[in-house]
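For reference, the chains in residue letters:
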Amino acid sequence: MFESISDKLDRAFKVLKGHGQITEVNVAETLKEVRRALLDADVNFKVAKTFTDTVKEKALGQNVLTSVTPGQLLIKITKDELTKLMGGDATDINISGNPSVVLMSGLQGSGKTTFSGKLANFLKKKKGKKPLLVACDVYRPAAIDQLHVVGEQVGVEVYSNKEQKDPVKIAQEGIEFAKKQGLNMVIIDTAGRLAVDEKMMNEIAEIKNAINPQEVLFVVDSMTGQDAVNTAKAFNSRLNFDGVVLTKLDGDTRGGAALSIRKVVDKPIKFIGTGEKMDALDVFYPERMADRILG
Ligand code: GDP
């Protein structure tokens, strides 16, 4: 569907080579292509501009101009820089507590409940943990039912209390329940709203303060592009979360939100969601995302 940026740049440089020496101007022109690719992939404009400026500096420093394969060298520098910007190596989730508590945050529809189930499944199967899912959405009974369905799918117990209207209390009850049952991971699914609002932020901040989780994850729909960055900023300034989960990367998004979010909030992306099924979760690898963004 997309022409690979690597192919595009290689072709551009081949043409240039036929017309004598490659100059700084040519490199700048070519980096415009990179910037365009980043913008197409939904990378925030400022982030893309700063990024290509850095790549240009590096490229000139590494003698791209006299290289026999300037296109390939430029692509390599671009990929390396992209990877570095997105965190370099994969970042693990903290599961050191007993029980270890993970608090989900994010807007309604971002994929929190689905991801909670996927994470429970992942921790059970890949990390040998005994998880409990806790339903803290006190506004939508359907959300509680949905978490029960998800729990059943992955064979993980779900704690809920439809009589209790205080999400802080439900979270605390859930943790107590896990302790009694000898479960060593607690995943708390919370209520999101369609847009950032004070009430939601206060509520999730209160839960965080009351239970002091090992890990606060911010879940965001990668299809929402630039909005994803603004939402991430709002949640981070209030919650100072530990990591990001980018969902719906199975769609036709190029994943540029990953780069923008990482750059803007400076928190690692830890997981990506790649489908609706319970096994459609991947650990986030910056290098793979760099490949995807560049096509
Ligand atoms: P919540 O309101 O944040 O709890 O969001 P849900 O978990 O209910 O997800 C909202 C919708 O997105 C549901 O229809 C999910 O099946 C879907 N969804 C969640 N994660 C993914 C994903 O990684 N890929 C796709 N294609 N759909 C997803």
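Computed from a predicted structure; not experimentally measured. (Residues numbered from 1 in each chain as written. Predicted model: local features only at pLDDT ≥ 70, side-chain atom pairs only at ≥ 80, totals over all residues. Heavy atoms only, no water.)

**Observations regarding the overall build of the protein**
At step 1: The secondary structure content of the protein amounts to 11 helices and eight strands.
At step 2: If you line up the protein on its principal axes, its C-alpha atoms span 75 × 40 × 30 Å.
At step 3: Classification of the 295 residues of the protein by burial places 52% in the buried group.
At step 4: Long-range contacts, defined here as pairs at least 24 residues apart, represent 77% of the contacts in the protein between residues at least 6 apart.
At step 5: As presented, the protein carries roughly 13,600 Å² of accessible surface, and 48% of it is formed by carbon and sulfur atoms. (Helix = DSSP H or I, 4+ residues; strand = E, 2+ residues; numbered from the N terminus. Buried < 20%, exposed > 50% of the residue type's maximum accessible area, 1.4 Å probe, protein only. Contact = heavy atoms within 4.5 Å. Areas by Shrake-Rupley, 256 points an atom, 1.4 Å probe, with all protein chains shown as cover.)

**Structural notes on the packing of aromatic side chains**
At step 1: All chains considered together, the criterion is met by five aromatic pairs.
At step 2: Relative to Phe177, the ring of Tyr159 lies with its centre 5.3 Å away and its plane at 45°, an arrangement referred to as tilted. Within this pair, whereas Tyr159 is found in strand S3 (residues 157-159), its partner Phe177 is found in helix H7 (residues 167-181), the two being separated by 18 residues in sequence.
At step 3: Judged by relative accessible area, which is 15%, Tyr159 ranks as buried.
At step 4: Using a relative accessible area of 21% as the deciding quantity, one classes Phe177 as partly exposed.
At step 5: Judged by centre distance (5.1 Å) and plane angle (10°), the rings of Phe218 and Phe241 are stacked. (Phe/Tyr/Trp six-rings, centres within 6.5 Å; stacked < 30°, edge-to-face > 60°.)

**Description of the packing of helix H8 (residues 198-211) against helix H9 (residues 226-239)**
At step 1: Put simply, H8 and H9 touch, their axes get as near as 10 Å, and they point 40° apart. With respect to their mutual orientation, H8 and H9 come out oblique. Handedness of the crossing formed by H8 with H9: right-handed. Where H8 approaches H9, its residues Glu198, Met200, Met201, Asn202, Ile204, Ala205 and Lys208 are matched on the opposing element by Ala234, Phe235, Arg238 and Leu239. (Axes fitted to C-alpha atoms, helices over the stretch in contact; angles between N-to-C directions. Parallel < 35°, antiparallel > 145°, perpendicular 65-115°, else oblique. Left-handed = near helix turned anticlockwise from the far one by under 90°.)

**Digging into the UniProt feature "domain: SRP54-type proteins GTP-binding" (unreviewed entry) in the protein**
At step 1: Under the UniProt annotation, the feature "domain: SRP54-type proteins GTP-binding" (unreviewed entry) is placed at residues 268-281.
At step 2: Between the end C-alpha atoms of residues 268-281 the distance is 16 Å, and the span holds 0% helix and 43% strand. (UniProt positions renumbered as here; feature names shortened; annotations may be inferred.)

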